[in-house]
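Structural description and commentary
Residue-level listing of the chains:
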Amino acid sequence: MISKITAEEIAENIRSNNVQGLKDLKEKLNRVNPVDIAQVLDELTDEQRLIAFRLLSKDNAADTFVEMEQDSQQKLIEGFTDNELKQVLADVYADDMADMLEEMPANVVERVLSKTDPVMTTEYVSLKEATKVSDAFNWIRKNGDDRKDLYTCYVTDPQKKLIGVVTVRDMLLCKKDVPVSDIMERDIISVRTLDDKEDAAKLFDRYDLSALPVIDNEQRLVGIITSDDAIDVLQDENTEDFQKMAAIVPQEDTYFETSVWQHAKNRLPWLLILMFSSIFTGMIIDKYEAAFTTMPVLVALMPMLSDTGGNCGSQTSTLVIRGMAVDEIKLKDFLRVFWKEFRIAIIVG
C-alpha cells in the first residue's frame, strides 16, 4: 500500500510544535514517494515547507527537491543554510540542475552555482558488475563523446554505490566475455562531497591518479575529479600561499579583476599589525637616545639592522608557509617550528 500524507496533516504537526509529533511526521514523510511529497510541500507556507523538508532523509531530499515547483525550490534555496544547500545539490543530476536554474532569478542562480563544486564533473563512465568487457566497450563507443574521462571506469550497484574501479587497459588485456567484476579494483581511493578540494587535489600527486571518484555519505558515486581540474585547484592554492607570504589577505579574483578598493582592504590588516609592532622598535630607540647622541654612527646602522630583521622574517615565513602548503608542517608542530627557528635565529644573529 502506498503511503499518503496531506498538507493539512503536516501543517498541524508543525503548528503543534510537539517533539513526538515531529518525530512521527518525519517517519511518515520518509515513507511517502518523493513525487507525492513534492506536491504536498508546494501547498505549504514558506516556513512550513522549510521545516518539513528538513525532516526528509538525504535520499528523499534530493529526489523531492527536483520534483517541486520552481517557486517552491526558490523559496527553499533562500531558506537553506550554505551547508544544507550544498548537501542537496550534491545529489541533483546535471540535467535536473540545468532545468532548475533555467528560469530562476540571477541572484538565486549565483548562490546555487557558488555552492556547487566546479571541480567535480558528473560525466563519467559507469558500469555494472555483471557487464562483460565487450559490452563495456560497446557502451563506451556509443556514449564516450559525452564523457570527460574514458580511461577509468567506475563500477556501481543498482543504488549507485561505488564498489569498484576498472581501467580501459585492464579490459583490453583480458577476454571479451569476462565480467568487469572479475577484473575491477575494490580498494578505491575516493573523496566525499564535502571534503576540501585542496585535499582532493593533493591525492593526485600522492597516488599518481588520472581521475578521482567523489562519493556521498552513503557511498554513492556522484561525480569525478579529473587531473586537469586538480591542477587548476593546486594553482589557485599556490597563488593563495604566495599572497600569505606577502602578508596579504587571500583573494579569489585575479589581479586585474580585483578593484583598487579591494586590493587596499586586503593589504591593510597586516600593514596595520606590522605598523603597531614597530612601536616596540620605537621604544627601544627612545630608551637609547643618549647613546645615539654620544655615538651618531649608530643611527647610520639602524636601517641596515631593521632591513636585515625584515629579510630574516621573510625567509622564515616563506619556508613555514610553504611547508604548511605541502603538508610538511602541521598546526600541531607550532612548538617544534618555534624551537627550530629560535635556534636558527641565535646562530644567524
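All of the points below concern the structure found in this document.

1. Things to note about the pairing of strand β2 (residues 152–156)
Within β2, five of the five residues are buried, leaving the element largely enclosed by the surrounding structure. Burial of the side chains of β2 extends over both faces: T152, Y154 and T156 are buried on one face and C153 and V155 on the other. For strand β1 (residues 125–127) and β2, the ladder comprises three bridges, and the chain directions are parallel. If you follow V125 over to β2, its bridge partner there is C153. Remark: the β1/helix α10 (residues 133–143)/β2 crossover connection has right-handed handedness.

2. What to know about the packing of helix α4 (residues 46–54) against helix α6 (residues 70–79)
Across the interface, α4 lies against α6 with an axial gap of 10 Å and an inter-helix angle of 75°. When the interaxial angle is binned, α4 and α6 end up roughly perpendicular. Two secondary-structure elements touch here, α4 through D46, R49, L50, F53 and R54 and α6 through S72, K75, L76 and G79. When its residues are assigned to classes, the contact of α4 with α6 shows three nonpolar, two polar and four charged.

3. Remarks on the pattern of salt bridges
A complete count under the given rule lists nine salt bridges for this structure. Where K4 meets D36, a salt bridge forms, and the shortest distance between an N and an O atom there is 3.3 Å. Remark: D36 occurs in helix α3 (residues 34–41) and K4 occurs in the segment before α1 (7–16); sequence separation between them is 32 residues. Judged by relative accessible area, K4 falls into the exposed class, the value being 53%.

Cut-offs used in this document
Residues numbered from 1 in each chain as written. Predicted model: local features only at pLDDT ≥ 70, side-chain atom pairs only at ≥ 80, totals over all residues. Heavy atoms only, no water. Buried < 20%, exposed > 50% of the residue type's maximum accessible area, 1.4 Å probe, protein only. Helix = DSSP H or I, 4+ residues; strand = E, 2+ residues; numbered from the N terminus. Pairing = 2+ DSSP bridges. Right-handed = clockwise from strand over helix to strand, strands pointing away. Axes fitted to C-alpha atoms, helices over the stretch in contact; angles between N-to-C directions. Parallel < 35°, antiparallel > 145°, perpendicular 65-115°, else oblique. Contact = heavy atoms within 4.5 Å. Nonpolar A, V, L, I, M, F, W, Y, C, P; charged D, E, K, R; others polar. Salt bridge = Lys/Arg side-chain N within 4 Å of Asp/Glu carboxyl O.

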